[in-house]
Amino acid sequence: MTVSDAPQGASDNPPDYNPNPAPINLTIPSELAGLRLDQALQQLLPDYSRSRLQSWIKDKKIALDGRFVTPKQVVWGGESVRVEPELRPDETAFAPEDIALDIVYEDEVLLVVNKPAGLVVHPGSGNWQGTMLNALLHHAPQLAGIPRAGIVHRLDKDTSGLLVVAKTLTAQTDLVRQLQARSVKRDYLAVVQGIVARDGSVEAPLGRHPVQRIKMAVVRGGKPAVTHYTVLERFAYHTLIRCSLETGRTHQIRVHMQSIGHPLAADPVYGGRPLNLPPLLRGAVKALGRQALHAERLGLIHPVSGAPMEWQADVPADMAALIETLRHGKDSAVNVQEHPKGTDKEL
């Protein structure tokens, strides 16, 4: 359901949010005569660092007697100063923003969201605004009192699908414990390169790539990680699989499938060398523009009632279009039953 269809409980009119403090008006006292403007302001406004005051002066956020000057401007006392404080992006990251959410379920303690591809879950470097966290704070302002606005697990920016959010601290603690106990059910649909012969599992530790630090990799001494996969449908050059997580490491499915020679289709980071595909299929993969991964199913125990709950999110249109093209493209379909099924343990 969309936000407009969601159950009642969250405020429809969250309080106004002003990310920057109010302007400051002050007068330079005579005892600071002879100092540079930035030095004088450092003494008058000890809550702000000198480097920050200097940047505000350079960015014309500070005026001396109505004029914009340089940090080196000498003051003599009696001058009026107007300061318009401007917070850094990371300091305004937890601001509520009116961003649409596809809410699958909501009650007093839980909120399940079907995240679209392209939406960042949590603010971070390069993505301080416009995240799912900002949207959650607008939808349910009380989440400002919960660490990480109740988010207990994440999806990559370009992975779509289901996420659970806790609306109380008690619920968040319970969900974290369920994740640690590996009792939360998380199933993903993925299109991978190549023909996967049989069902299997990948049990391989994950950590930061030893050279490319923005990437993850299978590394000795990394954190334990287990992914189970089931073949759903084979095509001429790709395979549709369902991945079930025991653990939830960063980029786990993407790295694990790459490690056994079946990277996700259209994965810009872990995809490796693209396949030599016919034009129709090559165009379909390129059109997806993101890793072919969707968090399809989510199951957990309700923190209050103790009842088992499960949700499912349909494959989004972009990934569904890719699957249909792979399925109906010339010479593309290969029946699963033509291949023996089994369970491999692959490291």
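As shown above, the structure is provided for reference.
What you see is a predicted model, and the numbers here were worked out from it, not measured in a lab. (Residues numbered from 1 in each chain as written. Predicted model: local features only at pLDDT ≥ 70, side-chain atom pairs only at ≥ 80, totals over all residues. Heavy atoms only, no water.)

1. Some remarks on the nonpolar core
Then comes step 1: Met132 and Leu136 are the most contacted members of the largest nonpolar core, which has 36 residues in total.
Then comes step 2: Elements with a minimum of two residues in this core: strand S5 (110-115), helix H3 (132-139), strand S6 (160-166), strand S7 (185-193), strand S11 (226-235), strand S12 (238-245), helix H5 (252-259) and strand S13 (293-301).
Then comes step 3: Considering each element in turn, this core owes the most residues, 5 residues, to H3.
Then comes step 4: Setting aside residues up to four positions removed in sequence, Leu136 forms contacts with Leu101, Leu111, Val113, Leu143, Ala149, Ile151 and Val165. (Core = buried A, V, L, I, M, F, W, Y, C linked by side-chain atoms within 4.5 Å. Buried < 20%, exposed > 50% of the residue type's maximum accessible area, 1.4 Å probe, protein only. Helix = DSSP H or I, 4+ residues; strand = E, 2+ residues; numbered from the N terminus. Contact = heavy atoms within 4.5 Å.)

2. Structural notes on the packing of helix H1 (residues 37-44) against helix H2 (residues 50-58)
Then comes step 1: It is the contact of H1 with H2, at a shortest axis distance of 9 Å, that shows an interaxial angle of 125°. Taken together, the axes of H1 and H2 are oblique relative to one another. Every pair of crossing elements has a handedness; the one defined by H1 and H2 is right-handed. Judged by residue contacts, Leu37, Asp38, Gln39, Leu41 and Gln42 of H1 engage Arg50, Leu53, Gln54 and Ile57 from H2.
Then comes step 2: For the contact of H1 with H2, the per-class residue count stands at 4 nonpolar, 3 polar and 2 charged. (Axes fitted to C-alpha atoms, helices over the stretch in contact; angles between N-to-C directions. Parallel < 35°, antiparallel > 145°, perpendicular 65-115°, else oblique. Left-handed = near helix turned anticlockwise from the far one by under 90°. Nonpolar A, V, L, I, M, F, W, Y, C, P; charged D, E, K, R; others polar.)

3. Overview of the sheet that holds strand S3 (residues 80-83)
Then comes step 1: Taking strand neighbours across the sheet as the criterion, the 3 strands line up as S1-S3-S2 in an open arrangement whose pairing is antiparallel. At either end of the open sheet lies a strand with only one pairing partner, and these are strand S1 (24-27) and strand S2 (62-64). Across the sheet, the mean angle separating the axes of adjacent strands is 15° when strand polarity is ignored.
Then comes step 2: Note that S2 and S3 share 3 bridges and pair antiparallel. (Pairing = 2+ DSSP bridges.)

4. Some details on the packing of aromatic side chains
Then comes step 1: A complete count under the given rule lists 2 aromatic pairs for this structure.
Then comes step 2: Ring geometry for Tyr48 against Trp56: centres 4.8 Å apart, planes inclined by 65°, an arrangement best described as edge-to-face. Here the two residues Tyr48 and Trp56 agree in accessibility, since each one is buried.
Then comes step 3: Judged by centre distance (5.5 Å) and plane angle (45°), the rings of Tyr105 and Trp311 are tilted. One end of the pair, Tyr105, is in strand S4 (residues 103-106); the other, Trp311, is in strand S14 (residues 308-312), and 206 residues separate them in sequence. (Phe/Tyr/Trp six-rings, centres within 6.5 Å; stacked < 30°, edge-to-face > 60°.)

5. Here's the deal with the pattern of salt bridges
Then comes step 1: Tallying each qualifying case throughout the model produces 14 salt bridges.
Then comes step 2: Asp38 serves as the salt-bridge partner of Arg36, at 2.8 Å between the closest nitrogen and oxygen.
Then comes step 3: Between Asp318 and Arg290 there is a salt bridge, with its nearest N and O atoms 2.8 Å apart. Residue Asp318 is found in helix H7 (residues 317-328), and its partner Arg290 is found in the loop between helix H6 (279-288) and S13; the two are separated by 28 residues along the sequence.
Then comes step 4: Classification of Arg290 by relative accessible area gives buried; the value is 3%.
Then comes step 5: Linked through salt bridges whose partners overlap, the residues forming this network are Arg36, Asp38 and Arg50. (Salt bridge = Lys/Arg side-chain N within 4 Å of Asp/Glu carboxyl O.)

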